[in-house]
Amino acid sequence: MIGVLDSGIGGVSVLREIIKLIPKGHFIYYSDSVNNPYGDKSKDEVYVIVKNIVAYLLDKGCIAIVLACNTASAICVKRLRSEYPDTLFIAIEPAYKMVHDYNPEGNTLVMATKGTLESEKFLALYHKYDNNKTTLLSCSGLADLIEKGNMEDVNLYLENNLKKYKGVDNVVLGCTHYPLIKENIRRVLGVVKFFDGSVGVSKELLRQLELRNINYDNNELKIDFIDSSKDDSKEKRFRELLK
Ligand code: DGL
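Every value quoted in this text rests on a predicted model; they were computed, and no experiment measured them. (Residues numbered from 1 in each chain as written. Predicted model: local features only at pLDDT ≥ 70, side-chain atom pairs only at ≥ 80, totals over all residues. Heavy atoms only, no water.)

Caption draft 1: Representation of the overall build of the chain within the structure. Helix and strand counts for the chain stand at 11 helices and nine strands. The C-alpha radius of gyration of the chain comes to 17 Å, within 12% of the 18 Å expected for a compact globule of 243 residues. Seen through its C-alpha atoms, the chain measures out along the principal axes to roughly 45 × 40 × 35 Å. By the burial criterion, 53% of the 243 residues in the chain qualify as buried. Long-range pairs, those at least 24 residues apart, make up 76% of the contacts in the chain with a sequence separation of at least 6. The distance from the centre of the 33 positive side-chain charges to the centre of the 33 negative ones in the chain is 3 Å. (Helix = DSSP H or I, 4+ residues; strand = E, 2+ residues; numbered from the N terminus. Rg over C-alpha atoms; globule rule 2.2 N^0.38 Å. Buried < 20%, exposed > 50% of the residue type's maximum accessible area, 1.4 Å probe, protein only. Contact = heavy atoms within 4.5 Å. Lys, Arg positive; Asp, Glu negative; His and termini not counted. Charge placed at Lys NZ, Arg CZ, Asp CG, Glu CD.)

Caption draft 2: Broad picture of the pairing of strand 2 (residues 26-31). With six of its six residues buried, strand 2 lies for the most part within the structure. Covered by surrounding structure in strand 2 are H26, I28 and Y30 together with F27, Y29 and S31, the residues of both alternating faces. Pairing of strand 1 (residues 2-6) with strand 2, which is carried by five bridges, proceeds in the parallel orientation. In the sheet register, V4 faces strand 2, and the bridge partner there is Y29. The parallel pair strand 1 and strand 2 is bridged by helix 1 (residues 12-21), and the resulting crossover is right-handed. Note that strand 2 and strand 9 (residues 222-227) share six bridges and pair parallel. By the bridge assignment, F27 is partnered in strand 9 with I223. (Pairing = 2+ DSSP bridges. Right-handed = clockwise from strand over helix to strand, strands pointing away.)

Caption draft 3: Local environment of the packing of helix 1 against helix 11 (residues 232-242). With their axes 9 Å apart at the nearest point, helix 1 and helix 11 run at an angle of 45° to one another. For the element pair helix 1 / helix 11, the angle class is oblique. Once helix 1 is placed against helix 11, the crossing between them reads as right-handed. Between helix 1 and helix 11, the residues in contact are V12, L15, R16 and I19 and F238, L241 and L242, respectively. Of the residues contributing to the contact of helix 1 with helix 11, the split by class is six nonpolar, no polar and one charged. (Axes fitted to C-alpha atoms, helices over the stretch in contact; angles between N-to-C directions. Parallel < 35°, antiparallel > 145°, perpendicular 65-115°, else oblique. Left-handed = near helix turned anticlockwise from the far one by under 90°. Nonpolar A, V, L, I, M, F, W, Y, C, P; charged D, E, K, R; others polar.)

Caption draft 4: Here's a closer look at the sheet that holds strand 2. Here five strands make up an open sheet; going across it, the order is 4-3-1-2-9 and the pairing parallel. Bordering the open sheet on either side are strand 4 (88-91) and strand 9, each of which pairs with just one other strand. Mean inter-strand twist for the sheet, computed between neighbouring axes without regard to direction, equals 20°. Packing of helix 2 (residues 43-59) onto the sheet brings it into contact with strand 1, strand 2, strand 3 (64-67), strand 4 and strand 9, and relative to strand 1 it is tilted by some 160°.

Caption draft 5: Looking closely at the environment of S13. Relative to the assigned elements, S13 resides in helix 1. By relative accessible area, S13 is classed as buried at 4%. Residues S13 and L241, spaced 228 residues apart in sequence, show a C-alpha to C-alpha distance of 8.2 Å. Polar side-chain contacts of S13 include one of 2.8 Å to the backbone oxygen of T176. (Polar contact = N/O pair within 3.5 Å; in protein donor to acceptor, adjacent residues only side chain to side chain.)

Caption draft 6: A look at the nonpolar core. Counting residues in hydrophobic clusters, the biggest one holds 25 residues, and the most contacted among them are L15, I18, F27, V66, L205 and F238. At the level of elements, strand 1, helix 1, strand 2, strand 3, strand 4, helix 10 (198-211), strand 9 and helix 11 are the ones that each hand at least two residues to this core. A total of five residues in this core trace back to one element, the largest contributor, which is helix 1. (Core = buried A, V, L, I, M, F, W, Y, C linked by side-chain atoms within 4.5 Å.)

Caption draft 7: Region of the structure containing the site of the ligand. In the vicinity of the ligand lie 14 residues, with S7, Y38, G39, T71 and T176 positioned nearest. Between the ligand and S7, the relevant distance is 2.6 Å, taken from an oxygen atom to a side-chain nitrogen or oxygen of the residue. Note that an oxygen atom of the ligand is positioned 2.7 Å from one of the backbone N or O atoms of Y38. In the complex, the protein chains occlude 99% of the 300 Å² of accessible area that the ligand would expose alone. Along the lines of polarity and charge, the residues of the shell around the ligand split into five nonpolar, eight polar and one charged. (Near = heavy atom within 4 Å. Areas by Shrake-Rupley, 256 points an atom, 1.4 Å probe, with all protein chains shown as cover.)

Structural data, given as structure tokens:
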């Protein structure tokens, strides 16, 4: 079983890509919507929350854990790897290197949570690939609105916060909730090139499983879903988004 976690249903944008590469895997998806948003919490708070989920997933028998949340990855993965040296952790990060590889000359907007943008992990990535034409935009509250699913509120937020960036070429979707609202973002910014880390993280998961000879084939696709708020509507939305 492969564990996938996020502060809500946003990680579905990652799981969708993983399934393309591992179509017969057994996954357990942990949506921690009770604690959403992670992005405005302190590092210690996020670490304690994520560590508890990791302990739960390991107890269920997970062979690998995907941190399908940029904030959790940015804050926790280094510490988790040193506390659980035998566990395979695969961590997403904002796809800023992809901008460097595919469109380095373009004006770039990186959208992510405060927690991600202020993390050492992200800042190291940013300084390594900075094209001097990049704006870092902390989208406080946006993941929460997407999680709640009221598109009118989401559109209003985008209208109020993104309009001034009309004209950018590249948009890094540095939170796994944001790929779910690509079209809404496009409506405000016009034609842009989107970059997100879900394909990269899925490839890395497969690569690491094969490198370590870990058997991930379950003969058929199985996805268990757990939401910490026990709100039944979450699973319905999650499964719809997965299609
Ligand atoms: N999906 C999380 C991320 O990728 C959500 C952020 C949050 O909970 O604030 O960063």
